[in-house]
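Here is what each chain is made of, one letter per residue.
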Amino acid sequence: VQLVESGGGLVQAGGSLRLSCAASTTSIFRISAMGWYRQAPGKQRELVATITSGGTTTYGDSVEGRFTISRDNAKNTVYLQMDSLKAEDTAVYHCNLHLPSSLFVRGGDYWGQGTQVTVSS
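Residues numbered from 1 in each chain as written. Predicted model: local features only at pLDDT ≥ 70, side-chain atom pairs only at ≥ 80, totals over all residues. Heavy atoms only, no water.

Novice: Which residues make up the nonpolar core, and what are the values?
Specialist: Counting 28 residues, the largest nonpolar core has Met34, Trp36, Leu80, Met82 and Tyr93 as the members making the most contacts within it. Mapped by element, the contributors of at least two residues to this core are β3 (17-23), β4 (33-39), β5 (46-51), β7 (67-72), β8 (77-82), β9 (91-99) and β11 (115-120). No other element matches β9, which puts five residues into this core. (Core = buried A, V, L, I, M, F, W, Y, C linked by side-chain atoms within 4.5 Å. Buried < 20%, exposed > 50% of the residue type's maximum accessible area, 1.4 Å probe, protein only. Helix = DSSP H or I, 4+ residues; strand = E, 2+ residues; numbered from the N terminus.)

Right, here's the structure in full:
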């Protein structure tokens, strides 16, 4: 499974960005949970948001109310709408696909290469 992120860049504090992550396979994407994680220099990777195959979402405490995760199964794509950006949101954002294990499928996690988001204060 290949994951390709796009949409990162430089934005002023208070601004918005939308990240996209496109998966290479339709069948796997539709049964997988998707997520966004981020890692700032010198810090551990942290959860930003996740969305299940059924559309249930969760958010990290630091982005709750400002970021929105969504998915379009017809396009094999997950989005992260980021509003009211802060300098502390600066990080490399990685897309994750979590394929659950089942009787017929060996599950696993797949990662995109990451996209840089820089918020200037």
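Novice: Before we move on, could you go through the state of the cysteines and cite the residues and values that matter?
Specialist: For the coordinates displayed, the defined rule picks out one disulfide. Bridging Cys21 to Cys95, the disulfide has an S-S length of 2.1 Å. A torsion of -80 degrees about the S-S bond marks the disulfide between Cys21 and Cys95 as left-handed. With a gap of 74 residues between them, Cys21 in strand β3 and Cys95 in strand β9 connect regions that are remote in the sequence. What makes Cys21 buried here is its relative accessible area of 0%. The class of Cys95 is buried, set by a relative accessible area of 0%. (Disulfide = S-S within 2.5 Å.)

Novice: Explain the environment of Val11 residue by residue, including any values.
Specialist: Assignment of secondary structure puts Val11 in strand β2 (residues 9-12). Residue classification places Val11 among the buried positions, given a relative accessible area of 12%. Once the C-alpha coordinates of Val11 and Lys86 are considered, the two residues, 75 residues apart in sequence, prove to be 9.5 Å apart.

Novice: I'd like a description of the packing of aromatic side chains, backed by residues and values.
Specialist: On inspection of all chains with the given rule, the structure shows one aromatic pair. Arranged with centres 5.2 Å apart and planes meeting at 65 degrees, the rings of Tyr37 and Trp111 form a pair that is edge-to-face. Of this pair, Tyr37 sits in strand β4 while Trp111 sits in strand β10 (residues 108-111); the two residues are 74 residues apart in sequence, bridging distant segments of the chain. Overall, Trp111 belongs to the partly exposed group, its relative accessible area being 34%. Positioned over the ring face of Trp111 is Arg45, at 4.1 Å from the centre of the ring. (Phe/Tyr/Trp six-rings, centres within 6.5 Å; stacked < 30°, edge-to-face > 60°. Lys NZ or Arg CZ within 6 Å of the ring centre and 35° of its normal.)

Novice: I'd love a proper account of the side chain of Thr50, names of residues and values included.
Specialist: With respect to the secondary-structure elements, Thr50 resides in strand β5. Only 2.3 Å separates the side chain of Thr50 from the side chain of Thr58, close enough to count as a polar contact. (Polar contact = N/O pair within 3.5 Å; in protein donor to acceptor, adjacent residues only side chain to side chain.)

Novice: I'd like a rundown of the environment of Val105, residues and numbers included.
Specialist: Tracing the backbone through its elements, the reader meets Val105 in the loop between β9 and β10. Owing to a relative accessible area of 29%, Val105 belongs among the partly exposed residues under this scheme. Put simply, Val105 and Ser32 are 73 residues apart on the chain and 11 Å apart in space, counted from C-alpha to C-alpha.

None of this, on its own, says anything about what the molecule does.
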